[in-house]
Amino acid sequence: MDRDAFFAQIAGRLGRPRIERAPPRVEVGVPDFHLRDESALDLLAQFETELTGIGGRVRRARDVAHASEVLRAELEEWKPASIVTWGRSEFDGWNLAWLWEERGALAFGDRQLAGEDELRRAMFAADMGITTVEFAVAATGSLAVSAAPTRPRGISLVPTVHVALVRRSQIMRRMGLALTEYGKRSRMPSAIHFISGPSRTSDIENDLTIGVHGPAALVAIVVEAA
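So, here's what we can say about the structure. For clarity, every value in this text was computed on a predicted model and none was experimentally measured.

Considerations on the nonpolar core
Next, step 1: Counting 47 residues, the largest nonpolar core has Phe47, Leu71, Leu96, Leu99, Leu143 and Ile221 as the members making the most contacts within it.
Next, step 2: Here this core takes seven residues from strand S12 (residues 217-223), the largest share from any one element.
Next, step 3: Formed by five residues, the second largest nonpolar core is a distinct cluster that contains Phe135, Ala144, Met172 and Ala178.

Printed below as a string of structure tokens:
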């Protein structure tokens, strides 16, 4: 049976004319029944509520200097034996030289992580992975990160604990707004990840297991200052 006869037969069984063209798309954006007055929303407060509700942790910092102190406190609490991070250039402006020099964290691009095999071994052995983010989504408590030459995907996925550094200005109301920003780029990244809390997996009997397909804990350190 050729293509036209096949679709004609389906249309006949449905009792309606065959549709030759895709119907025009008239709806753009969020449907009206989902809209509400969001002008007064505190995006950071909403992000904190949503991420905390799905098992993540939010630590607020007054400024970049305080964020460094908060990160030190997180390290004291988790006591990771090994730490891996994105490339050092991804942390420009965060004043985190101590992280590599004092705490022995390994950054992608360092001599110890020069090759693919070394990076893989380090990631799977690491207790903690530290990254920045490109966006955070208030409505879902999600972090948006994308792959790049200095941002290996596994560093936010493989270690037991993922710590993400976020600036308040990166928080957007909805996921669609973040995707719109990605769409403005001249070249799309090879992968975009929306991370919503620690890894959660349920089997057919709904037995919940944490940390099977990703980190068992997620901490977002958010700088409140502009």
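Some details on unusual backbone geometry
Next, step 1: With phi around 50°, Lys79 is a residue other than glycine that occupies positive phi space.
Next, step 2: Summarising the element assignment, Lys79 is placed in the loop between helix H3 (64-78) and strand S2 (83-85).
Next, step 3: Among the residues examined, Lys79 registers a relative accessible area of 61% and is labelled exposed.
Next, step 4: Even without being glycine, Asn95 reaches a positive phi, approximately 55°.
Next, step 5: Checked against the element boundaries, Asn95 lands in the loop between S2 and helix H4 (97-101).

Describing the side chain of Thr132
Next, step 1: Mapping Thr132 onto the fold places it in strand S4 (residues 128-132).
Next, step 2: In this structure Thr132 touches Trp86, Glu90, Phe91, Trp94, Val145 and Leu165, once residues within four positions along its chain are discounted.

Description of helix H2 (residues 43-53)
Next, step 1: Inspection of H2 places Leu44, Gln46, Phe47 and Leu51 among the buried residues, and these make up the whole buried set. Summarising the axial view, the buried residues of H2 lie within an arc of 160°, below the 170-degree limit, and thus occupy one face. Those residues of H2 that are exposed and aimed more than 90 degrees away from the buried face are Thr49 and Gly53.
Next, step 2: Next to the buried residues of H2 lie strand S1 (57-61), strand S5 (135-137), strand S6 (142-146), strand S8 (171-172) and S12.

About the thresholds
- Residues numbered from 1 in each chain as written.
- Predicted model: local features only at pLDDT ≥ 70, side-chain atom pairs only at ≥ 80, totals over all residues.
- Heavy atoms only, no water.
- Core = buried A, V, L, I, M, F, W, Y, C linked by side-chain atoms within 4.5 Å.
- Buried < 20%, exposed > 50% of the residue type's maximum accessible area, 1.4 Å probe, protein only.
- Helix = DSSP H or I, 4+ residues; strand = E, 2+ residues; numbered from the N terminus.
- Contact = heavy atoms within 4.5 Å.
- Arc of directions from axis to C-beta.

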